[in-house]
Amino acid sequence: ANYDGSTWSSGATFNESKFLGGCSGTFTAAIACGGNGPGGAELATSQTWNGSSWTSAPSVPTGNQGNSQFGTSTASVTVGGSNDYDYSAEWNGSSWTAGNNMNVERYGSGGGGTLTAGLVAGGEPSGAASGTSEAYNGTNWTTGANLVEGKMAMYGGSSIASAGTSGMLISGGYQFPSPAITTICQAYNGTSWATTASISTGRYANQTGSNTSALFSAGYNGSSNVNNTEEFTGESSALNVVTVSTS
């Protein structure tokens with residue numbers, strides 16, 4: 001489906017049935033991979049998007065569902081998932097290559113940044129995953145700042161690469177350790193996490209954007225699927241300059 005800033009319209013048909021996969025890029029150029037396929041299969045397939053259609057791309061070395069993703073359509077990283085929780089793989093625009101393992105096993109985490117400066121946060125299956133983050137420099141993973149609230153089930157939660165890690169936002173999901181849907185959102189400033197404006201409808205859903213401007217759509221509220229769309233506008237440090245004249 002396509003969103004023009006006010007309304008949704010039907011988009012091109014995806015060339016494979018799956019959910020709980022990762023995706024990174026923009027409205028005109030993206031790469032998707034992994035996911036839960038028919039019969040619960042942990043898929044290794046990937047697809048590229050050119051703004052009008054999806055095309056099959058080379059497979060990831062290891063299939064996963066519940067994986068997260070960050071980067072661009074030509075330089076992306078997919079991480080974690082139920083088949084190999086600490087797994088990572090890099091996409092160079094034409095093929096996938098296995099990368100170094102994360103420090104913490106993660107499923108349903110949030111991701112942001114670029115292939116050489118990325119960040120993942122939250123997830124399950126443990127408290128160590130849900131309340132922590134770790135940074136990626138293109139080769140190795142290092143421990144990052146702790147979250148304000150432990151989060152898991154942020155499926156589809158990705159911040160745009162152009163915002164960098166300091167523009168990362170994670171929204172909704174489940175609290176840890178209590179498996180309760182949360183409305184709390186957290187923004188990262190490059191050093192630490194802080195709570196920001198909450199979403200109106202608690203759920204895990206699809207987020208894209210950054211901590212200054214984001215879109216949160218559809219999802220599951222703990223009992224049923226929902227089709228709500230919410231737009232986020234973050235705080236700004238820019239000054240509003242006003243010219244005052246006297247007579």
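Below: a short report on this structure.

**Remarks on the pattern of salt bridges**
Summed over the entire model, instances satisfying the criterion amount to four salt bridges. Residue R106 pairs with E134 through a salt bridge whose shortest N-O separation is 3.0 Å. With R106 in the loop between β10 (96-98) and β11 (110-113) and E134 in strand β13 (residues 133-136), the pair connects residues that are 28 residues apart, well separated along the chain. In this structure, R106 and E134 share a single accessibility class: buried. Taking the shortest distance from any N to any O, the salt bridge between E149 and K151 comes out at 3.9 Å.

**Overview of the sheet that holds strand β4 (residues 30-33)**
On the basis of which strands lie adjacent, the open sheet formed by four strands has the order β3-β4-β5-β6 and antiparallel pairing. On the outer flanks of this sheet lie β3 (22-25) and β6 (54-57), each paired with one strand and no other. Each neighbouring strand pair of the sheet contributes to a mean axis angle of 20°, computed without reference to strand direction. Where β4 meets strand β5 (residues 46-49), four bridges bridge the pair, whose relative direction is antiparallel. Its bridge partner being in β5, I31 is matched across the sheet by T48.

**Points about empty space enclosed by the protein**
If you walk through the whole model with that rule in mind, you get two cavities of 30 Å³ or more. Here the largest cavity is characterised by a volume of approximately 50 Å³. C33, G34, L43, V60, T62, G63, N64, N67, T78, V79, G80 and Y87 together form the lining of the largest cavity. Across the lining of the largest cavity, the residue classes break down as five nonpolar, seven polar and no charged.

**A look at the sheet that holds strand β21 (residues 213-220)**
Read across the sheet, three strands follow the order β20-β21-β22 without closing on themselves; strand pairing throughout is antiparallel. Of all the strands in the sheet, just β20 (204-209) and β22 (229-233) have a single pairing partner and so form its edges. Adjacent strand axes in the sheet meet at a mean angle of 25°, parallel and antiparallel pairs treated alike. Alignment of β20 against β21, held across five bridges, turns out to be antiparallel. Paired with Q207 across the two strands is F216, which belongs to β21.

**Observations regarding the layout of surface pockets**
In this structure, the second largest pocket occupies an estimated 210 Å³ of space. For the second largest pocket, the lining is made up of 13 residues, of which A187, A194, T195, T196 and E235 are closest to its centre. At the level of elements, β18 (185-188) and β19 (193-196) are the ones that each hand at least two residues to the lining of the second largest pocket. Of all the elements, β19 adds the most residues to the lining of the second largest pocket, at four residues. Taken together, the residues of the lining of the second largest pocket sort by class into five nonpolar, seven polar and one charged.

**So, the environment of I170**
Position of I170 relative to the elements: it lies in strand β16 (residues 169-171). Separated by 64 residues in the primary sequence, I170 and R106 place their C-alpha atoms 15 Å from one another. Every residue in contact with I170, bar those within four places of it in the chain, is listed here: G110, A121, L147, K151, M154, I184, C185, Q186, W193 and Q207.

**Points about the pairing of strand β8 (residues 76-79)**
Taking every second residue as pointing to the same face, both faces of β8 are buried, with S76 and T78 on one and V77 and V79 on the other. Where strand β7 (residues 68-71) meets β8, four bridges bridge the pair, whose relative direction is antiparallel. Directly across from G71, in β8, lies its bridge partner S76. Where β7 hands over to β8, the hairpin turn is made up of four residues, counted between the paired strands.

**Some details on the state of the cysteines**
Evaluation of the coordinates by the stated rule reveals zero disulfides. For the unlinked cysteine C33, the closest cysteine sulfur is that of C23, found at 8.7 Å.

**Here's the deal with the pairing of β5**
Inspection of the sheet shows β5 paired to β6 by four bridges, in the antiparallel sense. If you follow Q47 over to β6, its bridge partner there is S56. Between β5 and β6, which pair antiparallel in sequence order, lie four residues; one of them, G51, sits at a positive phi of approximately 105°.

**Topic: the side chain of Q69**
Mapped onto the elements of the fold, Q69 is located in strand β7. Side chain to side chain, Q69 and S24 meet in a polar contact 3.2 Å long. Among the polar contacts made by the side chain of Q69, one reaches the side chain of S76 at a distance of 3.3 Å. Setting aside residues no more than four positions away along its own chain, Q69 makes contact with G22, C23, S24, I31, A32, C33, S76, V77, T78, W96, G111 and S158.

So, how was this worked out
- Residues numbered from 1 in each chain as written.
- Predicted model: local features only at pLDDT ≥ 70, side-chain atom pairs only at ≥ 80, totals over all residues.
- Heavy atoms only, no water.
- Salt bridge = Lys/Arg side-chain N within 4 Å of Asp/Glu carboxyl O.
- Helix = DSSP H or I, 4+ residues; strand = E, 2+ residues; numbered from the N terminus.
- Buried < 20%, exposed > 50% of the residue type's maximum accessible area, 1.4 Å probe, protein only.
- Pairing = 2+ DSSP bridges.
- Axes fitted to C-alpha atoms, helices over the stretch in contact; angles between N-to-C directions.
- 1 Å grid on protein atoms, 1.4 Å probe; cavity = no way out; pocket = protein on both sides within 12 Å on 5 of 7 lines; lining within 4 Å.
- Points joined across faces, edges and corners; volume = space filled by probe spheres on them.
- Nonpolar A, V, L, I, M, F, W, Y, C, P; charged D, E, K, R; others polar.
- Contact = heavy atoms within 4.5 Å.
- Disulfide = S-S within 2.5 Å.
- Polar contact = N/O pair within 3.5 Å; in protein donor to acceptor, adjacent residues only side chain to side chain.

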